[in-house]
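What follows is each chain in one-letter form.
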Amino acid sequence: MKVKVPYGKSEQFNIDVPDQQLVGVFNPNPVASVDENEAIDQALKQPFFDESFEKFMDTDERVVFIVNDGTRPTPTAKVLQHIYPMIKDKNIYFIVATGVHREPTPEEYDFIFGHEIYEDLKRQQRVHCHDCHNDPMSYLGESQNGTPMYLNKIVAEAHKVVPISSIEPHYFAGYTGGRKSFLPGVAAYETISKNHYLALQDSARALKLDGNPVHEDMMDAMHVLSGINIFAIEMILDSHHDIYAVTAGDLSKSFYAGIDKAKEVYGVVIPRKADIVISTAPYPMDVDLYQSQKALDNGKLALNKNGILILVAKCRTGIGPKPFYDLLRSEKDPEDVLKKIHHSWKLGYHKAAKMAQIDTWAQTWAVSDLTDEEMRNVHFKPYHDLQVAFADALAEKGDQASVIVLPAGSMTVPEVNVTSEN
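Cut-offs and rules
Here the residue numbers are simple positions, counted from 1 along each chain's written sequence. Reporting in this predicted model follows two pLDDT cut-offs: at least 70 for local features of residues, and 80 or more for side-chain atom pairs to be given and counted; totals over whole chains, interfaces and linings ignore these cut-offs and use all residues. As a rule here, side-chain values come from all non-hydrogen atoms in the structure, and water together with hydrogens is ignored. Numbered from the N terminus, helices here are DSSP runs of H or I no shorter than four residues, and strands are runs of E no shorter than two. As a reference, a globule follows 2.2 Å times the number of residues to the power 0.38, and the radius of gyration itself is taken over C-alpha atoms. Whether a residue is buried, partly exposed or exposed follows from its accessible area with a 1.4 Å probe, protein chains only, as a fraction of its type maximum: under 20%, in between, or over 50%, in that order. Residue contacts are counted whenever heavy atoms from the two residues lie within 4.5 Å of one another. Surface exposure here means Shrake-Rupley accessible area, sampled with a 1.4 Å probe, where a residue is shielded only by the protein chains that are shown. In this tally, Lys and Arg are treated as positive and Asp and Glu as negative; His is ignored, and so are the chain termini. Charge positions are represented by NZ for Lys, CZ for Arg, CG for Asp and CD for Glu. A pair of strands counts as paired when DSSP detects no fewer than two bridges linking them. Note on geometry: axes are lines fitted to C-alpha atoms, helical ones only across the stretch in contact, with angles between N-to-C directions running from 0 to 180 degrees. Seen with its strands pointing away from the viewer, a crossover is right-handed if its path from the first strand over the helix to the second goes clockwise. Think of it this way: a Phe, Tyr or Trp ring, Trp meaning its six-membered ring, pairs with another when their centres are within 6.5 Å, and the plane angle makes it stacked under 30 degrees, edge-to-face over 60, tilted otherwise. Only when the NZ of Lys or the CZ of Arg is both within 6 Å of the ring centre and within 35 degrees of the ring normal is a charge said to sit over the ring. We call a pair of cysteine sulfur atoms a disulfide whenever their separation is within 2.5 Å. Any angle that is under 35 degrees is reported as roughly parallel, and any over 145 degrees as roughly antiparallel; angles of 65 to 115 degrees are reported as roughly perpendicular and all others as oblique. Crossing handedness follows the turn of the near helix against the far one: under a right angle anticlockwise gives a left-handed crossing, and clockwise gives a right-handed one. Ten residue types, Ala, Val, Leu, Ile, Met, Phe, Trp, Tyr, Cys and Pro, are classed as nonpolar, four, Asp, Glu, Lys and Arg, as charged, and the remainder, Gly among them, as polar.

The next subject is the overall build of the protein chain. Scanning the protein chain from N- to C-terminus turns up 16 helices and 21 strands. Its C-alpha radius of gyration of 21 Å places the protein chain within 12% of the 22 Å reference for a compact globule of 422 residues. Counting all 422 residues of the protein chain, 59% fall into the buried class. If you take every contact in the protein chain between residues at least 6 apart in sequence, the share linking residues at least 24 apart comes to 75%. Accessible surface for the protein chain amounts to roughly 17,200 Å². Of this, 45% is attributable to carbon and sulfur atoms. Of the charged side chains in the protein chain, 42 are positive and 59 negative, and the gap between their average positions amounts to 2 Å.

Here it is as structure tokens:
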């Protein structure tokens, strides 16, 4: 069977997978299409809140909007196209929730806001990019776990805040969306580091909320926002990054309502695991290896022990945070990487830990624009052509090897059908 595997914004690889070896090509589940403007309008008129968005915006005081950066597929621009005529003459201000990520590029700013709206906001100096290291922060309290909640003063001193985000699987927080607009979105480095250390625990994984220490710490920390009037706008996307559902209003209620819809899209049942798994980080989640790692972590859920996991990710801007790269290349043995992480924790190490954990029981290969040296340094067998990598994998595992392809691996969380396995 011929299988198309996306690469970057507009490229793709075409591979031939023997029919008898192909377990399946699994994407996020197909769902009914909706009228996006109608879905947005309905959520804003009937939110999980005491008042509609229009009434929320009926104020002369500043309203701060928190938007995701360019590493997320969140269609913020679609929401802004819908609401901008209503809010453009208000006292509004936008902050880009980068967490520990870099500032967006000009192209990414256009993706986030839409070109015309971004130019209008920029002209009026109404956009700020969060800097977790250098921006003024306010201390608002701490979680029961001891995570100190230092938030960007732009948000902490606001009386009204509108976080705009999307809900999709997250490899250690369970799901994105909701609380993540604040932590890590506009939090200080110290705050993010304390929370993300919990990601080293096995119970911190995709689709899991109950018993997930990262999620529970985030939710507990949200109590420090009690003095801020929050109107959240949450979107759930389908496999084409089109809007499938919208929830709005109360930060917690809108988030949990969105989870039910997100499960319909992203929790993908597979009949069994495979010996070779190809998992892609689709655009824009392929910005760097640090972000593309999510496709690797989801792909492992479909992989047999001692199998080969092939990450396909352009990594358009390179590796990502330096501590993450430096740690992985500092040790040749994944077990030594894991030991070092626990003895000398730094933010960024959680991704390295998840990658190193896979290397203790399987092979990880990569097809990317990174150099061969860079890929080897992070324990990948390096390739630049998926056809070559797949041919080598078949040659190594044999003509009986089973194959699974995840063209949107960053957003596809495989779950084995227990009945079919038995």
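Right, let's get into the environment of lysine 332. Residue position: lysine 332 is located in the loop between helix H11 (322-330) and helix H12 (334-343). Spatially, the C-alpha atoms of lysine 332 and glycine 211 are 33 Å apart, while their sequence positions differ by 121 residues.

Let us look at the sheet that holds strand S18 (residues 363-367). If you walk across this open sheet you meet the six strands as S3-S20-S16-S17-S18-S19, and the pairing is parallel. This sheet does not close on itself; its edge strands, each paired only once, are strand S3 (22-25) and strand S19 (381-383). Going across the sheet, the axis of each strand differs from the next one's by a mean of 15°, ignoring polarity. The strands that helix H10 (residues 289-299) touches are strand S16 (274-280), strand S17 (303-312), S18 and strand S20 (403-406); relative to S17, the one it contacts most, it runs at about 145°. Across the face of the sheet, helix H15 (residues 386-397) comes into contact with S16, S17, S18, S19 and S20 while running at roughly 170° to S17.

Here the focus is the pairing of strand S5 (residues 92-97). Counting buried positions over the six residues of S5 gives six, a clear majority of the element. Bridging between strand S4 (residues 63-68) and S5 involves six bridges; their strand directions are parallel. Counterpart to valine 67 in the pairing with S5 is valine 96. Since S4 and S5 lie parallel, the crossover through helix H3 (residues 76-87) that links them has a hand, and here it is right-handed. Here S5 pairs with strand S6 (residues 127-129) via three bridges, running parallel. Across the sheet, residue isoleucine 95 finds its bridge partner in S6, namely histidine 128.

Next up on the list: the packing of aromatic side chains. As enumerated under the stated definition, the model contains 17 aromatic pairs in all. With a centroid separation of 5.0 Å and 55° between ring planes, the pair formed by tyrosine 7 and phenylalanine 13 is classed as tilted. For the pair shown, tyrosine 7 and phenylalanine 13 are each scored as buried. Pairing tyrosine 290 with phenylalanine 324 gives two aromatic rings, centres 5.3 Å apart and planes at 80°, and the pair type is edge-to-face. Remark: phenylalanine 324 occurs in helix H11 and tyrosine 290 occurs in helix H10; sequence separation between them is 34 residues. Across this residue pair, the class does not change: tyrosine 290 and phenylalanine 324 are buried. Aromatic rings pair up to connect Phe65, Phe94, Tyr109, Phe113 and Tyr118 into one cluster. Geometry around tyrosine 93 places arginine 62 over its ring, the cationic atom sitting 4.4 Å from the centre. A cation sits over an aromatic face here: lysine 351 above tyrosine 290, 4.5 Å from the ring centre.

What follows is about the state of the cysteines. All chains considered together, the criterion is met by zero disulfides. There is no disulfide at cysteine 132, and the cysteine sulfur nearest it, in cysteine 129, is 10 Å away. In this structure cysteine 132 comes out as buried when scored by relative accessible area, which is 7%.

For the pair H10 and helix H13 (residues 349-359), the least separation of the axes is 10 Å and the interaxial angle reads 40°. In terms of orientation, H10 and H13 fall into the oblique class. Classified by chirality, the crossing of H13 by H10 is left-handed. Each of Leu289, Tyr290, Gln291, Gln293, Lys294, Leu296 and Asp297 in H10 lies in contact with H13, whose residues at this interface are His350, Lys351, Lys354, Met355 and Ile358. Of the residues belonging to the contact of H10 with H13, the class tally is five nonpolar, three polar and four charged.

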